[in-house]
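Structure at a glance
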Amino acid sequence: MKAIIWQGTNKVGVETVPDPTLLLPTDVIVKITSTAICGSDLHLLDGVIPSMEKGDILGHEFMGEIVEVGRDVKKLKAGDRVIVPFNIACGLCDPCQRGLFSACDNSNPNHRMAEALYGASGGGLFGYSHMYGGYAGGQAQFVRVPFADINAHRIETDLRDEQVLFLTDIFPTGYQAAEQCGIQPGRDVVAVFGAGPVGQFAARSALMLGAAHVIVVDRVPERLAMAEAAGCQTINYEQEDALVALREATGGRGPDHVIDAVGMEAHGHGPGALVDTAKQRLRLSFDRITALRWALLSCAKGGTVSLPGVYGGLIDKVPMGAAFAKGLTFRMGQTHTHRYVAPLLSRIESGEIDPSFVITHRAALDDAPELYRTFRDKHDGCIKVVLNPWA
Ligand SMILES: [Zn+2]
Ligand SMILES: [Zn+2]
């Protein structure tokens, strides 16, 4: 089959590799019909996430049709159309039983690598390094899905792939970020830093959850325009002082909740390297540390700072004094995607939201290496890329 392969730092390519096979009786094989490139794939591209190996298949936002079924799979059959969220959960362990699917105890065979860095390991992820299990990803024509009864969600409506594909990551990720804020409907103002795909869904989710007003901060005009189209106020931080503008927009008190949908690229190989990487990256794009710093400084007293953006290691010069003085609450972590598939699918079915609004580029798998660069460099108005592995 054809697949997008990590070939080394800043090198991805299309290669022909062996088709996946069933390894465990709880697996299925999915023939992929649509697959997306995610902002977090860029952390793999530039080698910031450790433990990638040459030959790894990328991709964690994909859907398709089941073509092979392990003998212990109970809920699915060949021919089922499914979406497969990015985190792999066993469904049986204590975190899974409590709905904390991204904290699954059983799905990461390489948990010791994460334990050495973090003290404990999250669950496995598709196409996201050996530290997260070394699972082959879904920017390919086929993929093996472990614990399929939990991880593959049947889609029984006639909604197009583009309308349901983002239930695999960016829609639930934006939604969880907004839900974690505990928005008081009709009252609260929510600010979102970063108008990339997750920021777009966080902003729309905040509105769906009743936020009185949503303000999106970025510097890329077409991304701000997309947020404006959803009814958000926008601040271009290159044209005005974001902190001053946020204060003015909220009668001086600041937004009640702030979502940092930027995250930080400085995942690490130890504290020194981490600080260095962060410093090198300063100003290369949205200044990563500044996003979190602004979040803490702008948030109103008693508010919530919610972090869907990925943080991987240590961070420097975080204004903890501001967080303490204002009594802020921090919420963060990988999305427990499986929890949100059914409720968000019904919002799509009812027409409350059509997630395909975020797509700017549609292409074949062969075009992926080029589009990785277009997306990384935010060229050509690129916000979200969807690939058809069979085009
Ligand atoms: Zn993603
Ligand atoms: Zn589990």
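Residues numbered from 1 in each chain as written. Chains lettered and ligands numbered in written order. Predicted model: local features only at pLDDT ≥ 70, side-chain atom pairs only at ≥ 80, totals over all residues. Heavy atoms only, no water.

On to the pattern of salt bridges, then. For the coordinates displayed, the defined rule picks out 17 salt bridges. Notably, a salt bridge pairs D80 with K77, separated by 2.9 Å at the nearest N-O pair. Judged by its relative accessible area of 5%, D80 is buried. Among the residues examined, K77 registers a relative accessible area of 51% and is labelled exposed. A salt bridge links E352 to R347; its shortest N-O distance comes to 2.8 Å. (Salt bridge = Lys/Arg side-chain N within 4 Å of Asp/Glu carboxyl O. Buried < 20%, exposed > 50% of the residue type's maximum accessible area, 1.4 Å probe, protein only.)

Next up on the list: the sheet that holds strand 16 (residues 329-332). One key point about sheets: their strands pair by backbone hydrogen bonds, in either a parallel or an antiparallel sense. The strand order across the open sheet built from six strands is 13-12-11-14-15-16, with neighbouring strands paired in parallel fashion. Edge positions in the open sheet fall to strand 13 (233-236) and strand 16, since each of these has one partner strand only. Geometrically, the sheet is characterised by an average inter-axis angle of 20 degrees between neighbouring strands, direction not taken into account. Where strand 14 (residues 257-260) meets strand 15 (residues 304-307), three bridges bridge the pair, whose relative direction is parallel. Looking across to strand 15, one finds that H257 is bridged to T304. (Pairing = 2+ DSSP bridges. Helix = DSSP H or I, 4+ residues; strand = E, 2+ residues; numbered from the N terminus. Axes fitted to C-alpha atoms, helices over the stretch in contact; angles between N-to-C directions.)

For the rest of this paragraph, the subject is the side chain of Q139. Inspection of the secondary structure puts Q139 in the loop between strand 8 (124-125) and strand 9 (142-145). The class for Q139 is buried, based on a relative accessible area of 0%. Within the structure, the side chain of Q139 is placed 3.1 Å from the backbone oxygen of A36, a separation counted as a polar contact. Of the polar contacts made by the side chain of Q139, one reaches the side chain of Y372; its length is 2.7 Å. Dropping the residues within four chain positions of it, Q139 is found in contact with A3, I4, T35, A36, I37, D41, I57, L58, G59, L365 and Y372. (Polar contact = N/O pair within 3.5 Å; in protein donor to acceptor, adjacent residues only side chain to side chain. Contact = heavy atoms within 4.5 Å.)

On to empty space enclosed by the protein. Under the counting rule described, the total for this entry stands at two cavities of 30 Å³ or more. For the second largest cavity, the full set of lining residues is T173, Q176, A177, Q180, L307, P308, G333 and T335. A total of three residues in the lining of the second largest cavity trace back to one element, the largest contributor, which is helix 6 (residues 170-179). Among the residues making up the lining of the second largest cavity, the classes are represented as three nonpolar, five polar and no charged. (1 Å grid on protein atoms, 1.4 Å probe; cavity = no way out; pocket = protein on both sides within 12 Å on 5 of 7 lines; lining within 4 Å. Points joined across faces, edges and corners; volume = space filled by probe spheres on them. Nonpolar A, V, L, I, M, F, W, Y, C, P; charged D, E, K, R; others polar.)

Time to look at the pairing of strand 2 (residues 11-16). The pairing of strand 1 (residues 2-8) with strand 2 spans six bridges and is antiparallel. In the sheet register, G8 faces strand 2, and the bridge partner there is K11. Hairpin connection from strand 1 to strand 2: two residues lie between these consecutive antiparallel strands, with N10 at a positive phi of about 60 degrees.

Of the protein atoms, only C38 (SG), H60 (NE2), E61 (OE) and D169 (OD) coordinate the zinc ion (ligand 1), at distances of 1.9 to 2.3 Å. With four donor atoms in place around the zinc ion (ligand 1) and angles of 91 to 131 degrees between them, the coordination shape is tetrahedral. (Donors = N, O, S within 2.8 Å, 3.2 Å for Na, K, Ca; no water. Tetrahedral: all angles 85-135°; square planar, octahedral: opposite > 155°, others 65-115°.)

Once that is clear, we can look at the side chain of S356. In this structure, S356 sits in the loop between helix 13 (337-349) and strand 17 (361-364). Polar side-chain contacts of S356 include one of 2.8 Å to the side chain of D354. Other than its neighbours up to four places away in sequence, S356 contacts R160, E162 and Q163.

Okay, the packing of aromatic side chains next. Considering all chains together, one arrives at 10 aromatic pairs under this definition. Measuring from ring centre to ring centre gives 5.7 Å for Y175 and Y340, while their planes differ by 65 degrees; the resulting arrangement is edge-to-face. Linking Y175 in helix 6 with Y340 in helix 13, this pair joins segments that are 165 residues apart in sequence. Centroid distance F193 to W294: 6.1 Å. Interplanar angle 40 degrees. Geometry classified as tilted. Here the residue F193 occupies a position in strand 11 (residues 189-193), and W294 occupies one in helix 11 (residues 288-298), the gap between them amounting to 101 residues. Classification of F193 as buried rests on a relative accessible area of 0%. Look at W294 and you get buried, because its relative accessible area is 18%. Through a chain of ring-to-ring contacts, three or more aromatic side chains come together here, namely F166, F171, F201 and F357. Here K31 stacks its cationic end above the ring of W390, 4.6 Å away from the centre of that ring. (Phe/Tyr/Trp six-rings, centres within 6.5 Å; stacked < 30°, edge-to-face > 60°. Lys NZ or Arg CZ within 6 Å of the ring centre and 35° of its normal.)

Taken by themselves, the reported measurements are silent on function.
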